[in-house]
Number of protein chains: 2
Amino acid sequence: MASYRMSATEFLSSGTKVEDYARALLDRIAARDVQVQAWAYLDPEFVLSQARKLDAIPQEQRGPLHGVPIGVKDIFYTKDMPTQHNSPIYANDAPVVDAALIMMLRTAGALIFGPPSHRVYVHVFQPFSGKTTTTQFASITVGTKTMNPHNPARTPGGSSSGSGAAVADFQVPVALGTQTIGSIIRPASFCGIYSFKPTWGALPREGVKVCSLNFDTMGFFARSIADIELLADAARLEDDEKPIAPFKIEGAKFAACKTHVWPEVGPGTINAMQLAVKLLRDQGASVEELDLPGEFASVTRSHLQAFQQDAATTFKSEYIRSKDQLDPALVAFVENPEKTSHRDHLAALDNLAQLRPKIDIIASRYDAIITPSVVDEAPEGLTSTGNPALCGMWTALHVPVVNVPGFAGDHGMPVGLSLVAPRYHDRRLLSVAAAVAPVFEGGGWKSSL
Amino acid sequence: MASYRMSATEFLSSGTKVEDYARALLDRIAARDVQVQAWAYLDPEFVLSQARKLDAIPQEQRGPLHGVPIGVKDIFYTKDMPTQHNSPIYANDAPVVDAALIMMLRTAGALIFGPPSHRVYVHVFQPFSGKTTTTQFASITVGTKTMNPHNPARTPGGSSSGSGAAVADFQVPVALGTQTIGSIIRPASFCGIYSFKPTWGALPREGVKVCSLNFDTMGFFARSIADIELLADAARLEDDEKPIAPFKIEGAKFAACKTHVWPEVGPGTINAMQLAVKLLRDQGASVEELDLPGEFASVTRSHLQAFQQDAATTFKSEYIRSKDQLDPALVAFVENPEKTSHRDHLAALDNLAQLRPKIDIIASRYDAIITPSVVDEAPEGLTSTGNPALCGMWTALHVPVVNVPGFAGDHGMPVGLSLVAPRYHDRRLLSVAAAVAPVFEGGGWKSSL
């Protein structure tokens, strides 16, 4: 009997028919959808017909991801289902082409399930701007139907809301997301799963709707590091040197980095950081406190300025075509009421560029930097997807990040921590994360789903 | 009587019906196609039906580019005609969506004519690699059917071959192209027309096939700066400060910059640089010799390394899906026989990033830097699209560049020069180019088409 609880790795070694696994997942979705609402589009009959086609492929012609069901954030172009970016402009005008990453995963045999729900880009702007919620931002609740599977009164995070919720709720084993500020790491932390934001530029970005050329990064959600490694293999993600697995915690060297955003964190994250350091030390690792040089405090502002100007350029085309159908927050990017200049934009980009080689040098002194993923557990309500400031810093620096769950907030919701490595040490970071994962399982949080 | 010789600006003020202008251009194409072969795809009946629809739009609803025919390089997604990237992989799998720039131009009323022929990306790699042509590279002559309209035995340049040739041959007034190394500036120089590569990131890049995320830049071809400004207006390209037009040559301050590539240039370019300095001084401008600091000589190598690695990531998806249908040069990018490492890639990117603010400071001392566009006039033969080294440097530095024609090589073929400005001084550069254009007309070359 196929179970929706299998991971992708377990499914691949189980001999289960693709159709049976797909059907178990579709049944799970049917049972849970009213409480989670993770999907922007899902056609069960189409999924099952694709599953039967995969089952008909002879063993020797099957790819390494044969039949693995994948949720795809609705800004990846997929040619056999609508890609609408959560925007009315594309309601009847969906692109017909596969994104590069979809092409790679399909070639490996993946079963594309459909686009999980996600929020429009703009939500990420709000917490950075320091403004209170206005009617403009309120208008983007159109994208927030998805609920946290651990508590429907709380946000699953965003913008890859559905990808995080669907994986956490055992509706698919893995999903694709994108991060421009915190949209891969934050929902994984809020939903209690693993996620991986690779080095910027390490995966092909063809066919993924542009928000910010300088920061948009594609990545993966899963319930285990092994499943993330499966996707990384299919996407041919490679370091200069292949990591020697398995990585051992005993004798390893970590840094605990609170960053300049630390004054914003709450008790869930304070507890997680303290406990993580203790758990790692108990296993024989060294963990030292890392204070970044003062200039790294400028990352948040530089990231915001550069992101805003990138988005202003990106959404000019939709603005010109259909301003009335564009979210007011996107209109505001284009109209730029704060009058951020190109000069500011370049100063921000140049500042971030000069910091990147510096963070590589700092990070290379450790097996990983441990740093908060979020300010705290998922907040109540669905109108805000939470503060992404802790994720944004590493996105701007282009370094790879893995969210590892395991800790609990004051209300029993999951809290994750980020592991960070130098640019293009993606596989090395995943091997470290695979060893850290069981250690952080001692952090006190466990999914009750 | 409509004439194919009208520029876009002339057409807009002429009161000519869109259909009449389109028909005149289609007749011109029919008469000249055997000698130029600028088009990858062209459906005259579809163009005429679109033209009639535009003619039916009431005056008060017409956009600023109403009926302006535009050639579109075949890597811009267009939803009403195939986009095939000159690749068999996409022969029956063309994306159905408009690129952001197409959306903007359509909204302004443009008449999309079709994709001009162009070469696959790989050609740009050859001159940089310093290797002689091999069978691998020879295989890409599939994309080189286009001939220089001034002499069919010579290349029109590439990769935006058809865009350059079609505009020079009066087959369309304006065209879109992209430049990753020299694919906008070089074909314009070889074909004797104007072209404009804006600041990297200044135009939205959604829907343009990625080659290198860090360098790909969209731009325009035309037979006048006024027509380029028309497209720049439609694309809402703006500087921080609006330039005070018209720019005056008398009292202006230029730099003549030969760059570290100068030892490679031939008599056409040597003559053009000398004559340009004289012509500008004759009009009362000051022109000083600019020797860039020695570290700028590293740009070419950094650009090549970063570009190669970017392309390796980009083409991984097509490689995995259909290696056998992929050009061997693209296969070589992915397989990376030179074993360029991620470490090299990052060192190259970081080096270019730290040079960008420095070139901004240097360029801001002048109204424009004048520098060669190409090593010489278009070479004989169609198998190589020529050396892009002189263009590549400025692409890597992200600064805006305009090609201004006017000079002649030893065989009477056109030679252009580049004007360069600091990043995001795009409109300022166009206003300077508008004043330089009539001065360079004294350079001795005139189109006989």
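Residues numbered from 1 in each chain as written. Chains lettered and ligands numbered in written order. Predicted model: local features only at pLDDT ≥ 70, side-chain atom pairs only at ≥ 80, totals over all residues. Heavy atoms only, no water.

In the nomenclature of an unreviewed UniProt entry, chain A is known as Amidase signature domain-containing protein of Mycena alexandri.

Undergrad: Help me understand the pattern of salt bridges in this model?
TA: Close approach of charged atoms allows side chains with opposite charge to pair. In total, this model carries 30 salt bridges over all chains according to the counting rule given. With its nearest N and O atoms 2.6 Å apart, the salt bridge here joins Arg423 of chain B to Asp350 of chain A. With Arg423 of chain B in the loop between strand S10 (414-420) and helix H16 (426-440) and Asp350 of chain A in helix H14 (residues 342-363), this residue pair bridges two chains. Across this residue pair, the class does not change: Arg423 of chain B and Asp350 of chain A are buried. The shortest N-O distance in the salt bridge between Arg427 of chain B and Asp233 of chain B comes to 2.8 Å. You can see Arg427 of chain B sitting in helix H16 and its partner Asp233 of chain B sitting in helix H9 (residues 225-234), a full 194 residues away along the chain. Connected through salt bridges with shared partners, the residues Glu19, Arg23 and Arg52 of chain A form a single ionic network. (Salt bridge = Lys/Arg side-chain N within 4 Å of Asp/Glu carboxyl O. Helix = DSSP H or I, 4+ residues; strand = E, 2+ residues; numbered from the N terminus. Buried < 20%, exposed > 50% of the residue type's maximum accessible area, 1.4 Å probe, protein only.)

Undergrad: Explain the nonpolar core to me, please; I cannot follow it from the model alone.
TA: The nonpolar side chains of soluble globular proteins are, as a tendency, buried together. Core analysis: the biggest nonpolar cluster contains 270 residues, and Phe254 of chain A together with Phe254 of chain B have the highest contact counts within it. When neighbours within four sequence positions are excluded, Phe254 of chain A is seen to be in contact with Phe247, Ile249, Leu280, Ala285, Ser286, Val287, Glu288, Tyr366, Ala368, Ile370, Val432 and Val436 of chain A. By size, the runner-up hydrophobic cluster in this structure holds six residues, among which are Trp200 and Leu213 of chain A together with Trp200 and Leu213 of chain B. (Core = buried A, V, L, I, M, F, W, Y, C linked by side-chain atoms within 4.5 Å. Contact = heavy atoms within 4.5 Å.)

Undergrad: It is not clear to me how the packing of aromatic side chains should be interpreted in this structure. Could you clarify?
TA: Geometrically, a pair of aromatic rings is defined through the distance of the ring centres and the angle of the planes. This model, assessed by the stated rule, comprises eleven aromatic pairs over all chains. Ring centres 6.5 Å apart and planes at 80° place the aromatic pair Phe247 of chain B and Phe254 of chain B in the edge-to-face group. Neither residue differs from the other here; Phe247 of chain B and Phe254 of chain B are each classed as buried. Here Arg5 of chain A stacks its cationic end above the ring of Phe170 of chain A, 4.1 Å away from the centre of that ring. (Phe/Tyr/Trp six-rings, centres within 6.5 Å; stacked < 30°, edge-to-face > 60°. Lys NZ or Arg CZ within 6 Å of the ring centre and 35° of its normal.)

Undergrad: What should I look at first to understand the relation of the copies chain A and chain B in this one?
TA: Each of the two chain copies can be brought onto the other by rotation about an axis and movement along it. When chain A is fitted to chain B, the residual RMSD is 0.0 Å, and the transformation amounts to a turn of 180° plus an axial shift of 0.0 Å. Taken together, the rotation and translation describe the operation of a two-fold axis. Interface residue correspondence from chain A to chain B reaches 100%, placing this contact among same-surface, isologous pairings. (Least-squares fit on C-alpha atoms with pLDDT ≥ 70 in both.)

Undergrad: When you look at the sheet that holds S10 of chain B in this model, what are you seeing that I'm missing?
TA: Backbone-to-backbone hydrogen bonds pair the strands of a sheet. The strands run either parallel or antiparallel. All names here are of chain B. Here ten strands make up an open sheet; going across it, the order is S2-S1-S3-S5-S4-S9-S10-S8-S6-S7 and the pairing mixed. On the outer flanks of this sheet lie strand S2 (111-114) and strand S7 (286-289), each paired with one strand and no other. Neighbour to neighbour, the strand axes of the sheet diverge by 30° on average, direction disregarded. Here strand S6 (residues 253-256) pairs with S7 via four bridges, running parallel. Pairing of Lys253 across the sheet is with Ser286, part of S7. (Pairing = 2+ DSSP bridges. Axes fitted to C-alpha atoms, helices over the stretch in contact; angles between N-to-C directions.)

Undergrad: I'm lost on helix H7 (residues 161-168) of chain A in this one. Help?
TA: Think of an α-helix as turning once every 3.6 residues; residues three or four places apart then point the same way. All names here are of chain A. Of all eight residues that make up H7, eight are buried, and the element is covered over most of its length. Of the residues making up H7, those classed as buried are Ser161, Gly162, Ser163, Gly164, Ala165, Ala166, Val167 and Ala168. Against the buried residues of H7 lie helix H2 (18-36), strand S3 (174-179), helix H8 (185-191) and strand S5 (217-222). Two residues or fewer after H7 comes Phe170, characterised by a positive phi angle close to 65°.

Undergrad: Explanation requested: the environment of Ser431 of chain B in the structure shown.
TA: All names here are of chain B. Note on placement: Ser431 falls in helix H16. In this structure, the C-alpha to C-alpha distance between Ser431 and Ile244, residues 187 residues apart in sequence, is 8.3 Å. Filtering out sequence-adjacent residues up to four positions away, Ser431 remains in contact with Glu229, Pro243 and Phe247.

Undergrad: Any chance you could explain the environment of Leu417 of chain B here in plain terms?
TA: All names here are of chain B. Within the element layout of this structure, Leu417 appears in strand S10. Look at Leu417 and you get buried, because its relative accessible area is 0%. Residues Leu417 and Asn403, spaced 14 residues apart in sequence, show a C-alpha to C-alpha distance of 5.6 Å. Once residues lying within four places of it in the same chain are set aside, the contact partners of Leu417 are Ala272, Met273, Ala276, Ile370, Thr371, Pro372, Ser373, Val402, Asn403, Val404, Phe407 and Phe440.

Undergrad: I keep staring at empty space enclosed by the protein and nothing clicks. Help me out?
TA: Empty space among the atoms becomes apparent when a probe as large as a water molecule is rolled across them. In this structure the tally under the stated criterion is 13 cavities of 30 Å³ or more. If you add up the space inside the largest cavity, you get close to 500 Å³. What lines the largest cavity is a set of 35 residues, and nearest its centre among them are Asn214 of chain A together with Trp200, Asn214, Arg356 and His398 of chain B. At the level of secondary structure, the elements contributing two or more residues to the lining of the largest cavity comprise helix H11 (299-314) and H14 of chain A together with helix H14 (342-363) of chain B. Residues of the lining of the largest cavity, tallied by class, amount to 14 nonpolar, twelve polar and nine charged. (1 Å grid on protein atoms, 1.4 Å probe; cavity = no way out; pocket = protein on both sides within 12 Å on 5 of 7 lines; lining within 4 Å. Points joined across faces, edges and corners; volume = space filled by probe spheres on them. Nonpolar A, V, L, I, M, F, W, Y, C, P; charged D, E, K, R; others polar.)

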